[in-house]
Amino acid sequence: MKLYPLFADLSNRAVLVVGGGAVAERKVAALLGAQAQVTVNAPQLTPQLARWATQGRITHRADAFQAQWLERVWLVVAATDDRELNRLVANLAELQRIFVNVVDDAELSSFHVPAVVDRAPLTIAISSGGDAPMLARLVRERLEALLEPSLGALASLAARLRKRIRLRHPDMAARRRFYEELFAGPVAAWLRQGRPDAALAAAEQALAGVPAARGGSVVLVGAGPGDPGLLTLRALRALNEADVIVHDRLVSAEVLELARRDAERIEVGKQAGNHHVTQDAIHAILLEHARAGRRVVRLKGGDPFVFGRGGEEMEFLHAHGVAYEVVPGITAALACAAHAGVPLTHRDHAQSVRLVTAHCKASMDTLDWAALAHERQTLAVYMGVAGLETIQARLITHGRAPETPFALVENGSRSNQRVITGTLATLAERAALHAVQSPALLILGEVAALAPTLSWFGQAPLGAAAAAAASSGQRRTGLPAARPDEVLAAIHHV
């Protein structure tokens, strides 16, 4: 190792920071978090450092740096833009055998400040030895995505019970097995669900020698619209812990690629008119694998509770005594609207949003079409591709203006996204003209008129307004998403 890793206890110990800018402020914030007694030497301070000085949280020395300030100091941080001053501080600290960190100067530093994953009291520090700090930050970002926030609570609980665990299991091998179960079993699961009392009860039960009930669990996970970058951190962790993944047809291959490699994958896709796996069969699959002790992820496109039948599956699991969790996902209305440049609400155009499903005649017959036809609201219609003619006719019949704009977003957020725009009077005609296929979301309302102007992702919307803008040489506002030809041109330029 180039550096020897250690964690320093700086509580109530003196630390000197030379410099009063933004970088110094970040260093001071971390030192205050470690309960250090911080003195800042700088002629001027950032507003935040000045507030801390006024509050008495730090000591401020405004005059020129003096060597005697290093007496009785445990650590020094040099964070100025004056390299000669930084070198002087580093040399004087070296003479007094005080560890010093010179920001962005590995050569002058005797200790480096690592990138940190904070799950206090659990702390993970990453260092590249000063050779590639950006790589250390990248590793930190990846660990942040993988490690549960509840690990801190788990570490605190383990510390609370440590003496009793040692008395209960004096043998090291037995103690190790106990900790493995504590960290991977029901105690950790209760803490993930934000139920510390249940976690403590489960830990007490384990200490008393009562065997934990063995059984699997199911996590209902929203996979979002398809772009893996829109997956939540909790969803990513669930995919990496799963033994079995039961997924819908609309879950993208890119999202499935993020899952644990050896997890069993079961596709239970549904499509209008083609339910090759019934809902009852899906229930049976979840129950079979959970009762076999496996960790099951029920992976759904969008969000489990927005037209995803997640409520039905949760009711089934509850009725059969299967432990479950829910991880929300970004639903199609949010993702498709955002990627089409359409704000679902707008102060000037829409003060409400309605999420509607129209996947079959039975569901459309239950809708309040008179309410849906009101102006100054946005309709987000899921699973409506096969019924666009009916939607168009019923809305117009109930008073929605034929000139109401729409944006039909096919494969929203994915690389093959298409947006078709027009008015309600031409909805079915334009969808047929462009052979729109599922998955597609219909956005209807005054806000949809903004799509040709505010579009930023993928190809320009297919509509008369967009065509006119293109022919006149107008550029759309915002930063365009990466088109392959533009990406290649940019790379060649660099």
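Remember, predicted model here, so these are calculated numbers, not experimental data.

Novice: So what exactly am I meant to see when it comes to a nonpolar patch on the surface here?
Specialist: A surface patch of nonpolar side chains, amounting to about 310 Å² of accessible area, comprises Phe307, Val353, Leu355 and Met383. With respect to the helices and strands, Phe307 occurs in the loop between strand 13 (295–300) and helix 12 (310–319).

Novice: It is not clear to me how the pattern of salt bridges should be interpreted in this structure. Could you clarify?
Specialist: A pair can form between side chains of opposite charge whenever their charged atoms are brought close. Overall, the coordinates contain 21 salt bridges when judged by the stated rule. A salt bridge links Asp262 to Arg260; its shortest N-O distance comes to 2.6 Å. By relative accessible area, Asp262 is classed as exposed at 56%. Classification of Arg260 as partly exposed rests on a relative accessible area of 23%. Residues joined in a network through salt bridges with shared partners are Glu148, Arg192, Arg234, Arg237 and Glu325.

Novice: I'm lost on the sheet that holds strand 1 (residues 14–18) in this one. Help?
Specialist: The strands that make up a sheet pair up through hydrogen bonds in the backbone, lying either parallel or antiparallel. The strand order across the open sheet formed by five strands is 3-2-1-4-5, and the pairing between neighbours is parallel. Unpaired on one side and paired on the other, strand 3 (58–61) and strand 5 (99–102) mark the two borders of the sheet. Each neighbouring strand pair of the sheet contributes to a mean axis angle of 20°, computed without reference to strand direction. Here strand 1 pairs with strand 2 (residues 37–41) via five bridges, running parallel. Directly across from Ala14, in strand 2, lies its bridge partner Gln37.

Novice: Help me understand the sheet that holds strand 13, please; the structure alone is not making it clear to me.
Specialist: Pairing is parallel across the open sheet formed by five strands, whose spatial order is 10-9-13-8-14. The open sheet has two free edges, formed respectively by strand 10 (264–267) and strand 14 (323–327), since each of these has just one partner strand. Here the strands of the sheet are splayed against their neighbours by 20° on average, with no regard to which way each runs. The pairing of strand 8 (residues 217–222) with strand 13 spans six bridges and is parallel. Among the inter-strand pairings, Gly222 is bridged to a residue of strand 13, identified as Lys300.

Novice: Is there a simple way to explain the packing of helix 11 (residues 279–291) against helix 12 in this structure?
Specialist: What describes two packed helices is the angle between their axes and the distance between those same axes. Their axes nearest at 11 Å, the elements helix 11 and helix 12 cross at an angle of 45°. What the angle tells us is that helix 11 and helix 12 run oblique. With respect to the hand of their crossing, helix 11 and helix 12 are arranged in right-handed fashion. Of the residues in helix 12, those touching helix 11 at Gln279, Ile282, His283, Leu286 and Leu287 are Glu312, Glu313, Phe316 and Leu317. Counted by class, the contact of helix 11 with helix 12 contains five nonpolar, two polar and two charged residues.

Cut-offs applied
- Residues numbered from 1 in each chain as written.
- Predicted model: local features only at pLDDT ≥ 70, side-chain atom pairs only at ≥ 80, totals over all residues.
- Heavy atoms only, no water.
- Patch = residues over 30% accessible without salt bridge, like charges linked within 9 Å, V, L, I, M, F, W, Y side chains within 5 Å.
- Areas by Shrake-Rupley, 256 points an atom, 1.4 Å probe, with all protein chains shown as cover.
- Salt bridge = Lys/Arg side-chain N within 4 Å of Asp/Glu carboxyl O.
- Helix = DSSP H or I, 4+ residues; strand = E, 2+ residues; numbered from the N terminus.
- Buried < 20%, exposed > 50% of the residue type's maximum accessible area, 1.4 Å probe, protein only.
- Pairing = 2+ DSSP bridges.
- Axes fitted to C-alpha atoms, helices over the stretch in contact; angles between N-to-C directions.
- Parallel < 35°, antiparallel > 145°, perpendicular 65-115°, else oblique.
- Left-handed = near helix turned anticlockwise from the far one by under 90°.
- Contact = heavy atoms within 4.5 Å.
- Nonpolar A, V, L, I, M, F, W, Y, C, P; charged D, E, K, R; others polar.

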